[in-house]
Structures are given as C-alpha cells and as structure tokens.
Amino acid sequence: MNVIVVYASRYGSTRGIAEFIAEKLREHGTQAEARSVDAAPRPEEYDAVVIGSAVYMEHWMKEAAEFVRRNQTALADRPVWLFSSGPLELEQGAGPDDPELEPREIGEFRESIHPRGHRVFFGALKPKFASSGSLTH
Ligand SMILES: Cc1cc2nc3c(=O)[nH]c(=O)nc-3n(C[C@H](O)[C@H](O)[C@H](O)COP(=O)(O)O)c2cc1C
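Residues numbered from 1 in each chain as written. Predicted model: local features only at pLDDT ≥ 70, side-chain atom pairs only at ≥ 80, totals over all residues. Heavy atoms only, no water.

What should I look at first to understand the site of the ligand in this one?
As a matter of local geometry, the ligand sits amid 18 residues, with Ser9, Thr14, Val55, Tyr56 and Glu58 nearest to it. One nitrogen or oxygen atom from the main chain of Arg10 is found 2.8 Å from an oxygen atom belonging to the ligand. Note that an oxygen atom of the ligand is positioned 3.2 Å from one of the backbone N or O atoms of Gly12. Contact with the protein chains covers 80% of the free accessible surface of the ligand, which is 650 Å². When residues of the shell around the ligand are traced back to their parent elements, those giving at least two are α1 (13–27) and β3 (48–56). In terms of residue count, β3 provides more of the shell around the ligand than any other element does, three residues in total. Residue composition of the shell around the ligand, grouped by class: nine nonpolar, seven polar and two charged. (Near = heavy atom within 4 Å. Polar contact = N/O pair within 3.5 Å; in protein donor to acceptor, adjacent residues only side chain to side chain. Areas by Shrake-Rupley, 256 points an atom, 1.4 Å probe, with all protein chains shown as cover. Helix = DSSP H or I, 4+ residues; strand = E, 2+ residues; numbered from the N terminus. Nonpolar A, V, L, I, M, F, W, Y, C, P; charged D, E, K, R; others polar.)

What follows is the structure, given as structure tokens:
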C-alpha cells in the first residue's frame, strides 16, 4: 500500500503533523510520504490519501479545499482520511472533537468524497519572533 499525506500549512505546524503521520506509517511497514498541496500531488498514483490543513478563521486553507474539489473523483474512489490542525487552547470541558471546532468545509467533503474519518489536532503558533529568542528564557 502506497499512501500520500497531503498538507496545507502556513507556518509549518501542519507540515510537522503530516510528516509525523507519514513517518509513523513507514514505521508500520506502509510506504508513505508527506507532500505539500502546492506540489500538486496526484491522488491517482496512491492507494490511500490523508489530507490535512491548518485552520484559519474556521476554514481550511484555500489551497487544501481546492485540492479536494479538483481531485474529487479520484478521492471519492479510494480511502481518504482528513485532519485539521487548529485549536491553540480549548474551553473547559471541550475536546478536540467538539463539533464547533470543525472547519466549515468538512461537511461538504463528507458528502463529496466520503472520508473514512476527520480528526482535529491541536495547532501551534510559531510567531516570527520565536526564532529571535524572545520566547526562550
Ligand atoms: C489569525 C489566525 C486565525 C486562526 N483561526 C483559527 C480557527 O478559526 N480555528 C482554529 O482551530 N484555529 C485557528 N487558528 C490556529 C491555527 O490553525 C494554528 O496555529 C495552526 O496550527 C497553524 O498551522 P500552520 O503552522 O500549519 O499554519 C488561527 C490562527 C491564527 C494566527
């Protein structure tokens, strides 16, 4: 089985999650690679597809949503899992699977490509000044 993990990431944390997923799949003996959505990977060339996007203002990144729409036929035809990297903190009692945290596009994608699942992961924010040492004590 050959799996591609496609990601859309503005500051890198979603890329990190995608690379982690690909690495774990390889550790379990599955051929897997993580690729940016910008590299226009072709789902037809893989047996299964994982797609993840950072969430901004309750939406997937445009490139990720367009990737799903553009490749709808191929994606509907093979096993697909989705993930979103978003919440930086949760209100008390809430969990990452809280429906309120679900990006707006996921309902549409459930209808159009029937993903096997959608998972929300905690996000991370890496502001530019982090590299200057302002956040290290
Ligand atoms: C301006 C802004 C808006 C955001 N909006 C949301 C949001 O609506 N929902 C959410 O869960 N996370 C939101 N986040 C958190 C990001 O999704 C989180 O930092 C994510 O891990 C960033 O991924 P990236 O590093 O791959 O770009 C927002 C962050 C910023 C800076």
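It is not clear to me how the pattern of salt bridges should be interpreted in this structure. Could you clarify?
Side-chain pairs of opposite charge can arise where the charged atoms are in close proximity. For the coordinates displayed, the defined rule picks out six salt bridges. With its nearest N and O atoms 3.3 Å apart, the salt bridge here joins Glu27 to Lys24. Placement of the pair is Glu27 and Lys24 together in helix α1, with a separation of three residues, close to one helical turn. Owing to a relative accessible area of 51%, Glu27 belongs among the exposed residues under this scheme. Look at Lys24 and you get partly exposed, because its relative accessible area is 32%. The residue Arg104 makes a salt bridge to Glu58 at a minimum N-O spacing of 2.7 Å. Remark: Glu58 occurs in the loop between β3 and β4 (59–60) and Arg104 occurs in the loop between β5 (80–85) and α4 (105–113); sequence separation between them is 46 residues. (Salt bridge = Lys/Arg side-chain N within 4 Å of Asp/Glu carboxyl O. Buried < 20%, exposed > 50% of the residue type's maximum accessible area, 1.4 Å probe, protein only.)

Whenever I open this one, the packing of aromatic side chains confuses me. Can you help?
In total, this model carries three aromatic pairs according to the counting rule given. The ring of Tyr56 has Arg10 sitting right over it, with the charged end atom 4.1 Å from the ring centre. (Phe/Tyr/Trp six-rings, centres within 6.5 Å; stacked < 30°, edge-to-face > 60°. Lys NZ or Arg CZ within 6 Å of the ring centre and 35° of its normal.)

For this particular structure, what's the right way to read the confidence of the model for the protein chain?
Per-residue pLDDT for the protein chain has a mean of 90; in total, 91% of the residues score no lower than 70. Confidence drops under a pLDDT of 50 for residues 129–137, and excluding neighbours within four residues, the segment shows four contacts in the predicted structure. (pLDDT = per-residue confidence, 0-100. Contact = heavy atoms within 4.5 Å.)

Would you take a moment to explain the nonpolar core for this structure?
What tends to happen in soluble globular proteins is that the nonpolar side chains get buried as a cluster. Of all hydrophobic cores here, the largest spans 20 residues; its most connected members are Ile51, Trp60, Leu75, Leu82 and Phe109. Where this core is concerned, the elements lending two or more residues are β1 (2–8), β3, α2 (62–70), β5 and α4. Looking at this core element by element, the count peaks at four residues for α2. With sequence-adjacent residues up to four places away left out, Leu82 is seen in contact with Ile51, Trp60, Ile106, Phe109, Ile113, Pro115, Gly117, His118 and Arg119. (Core = buried A, V, L, I, M, F, W, Y, C linked by side-chain atoms within 4.5 Å.)

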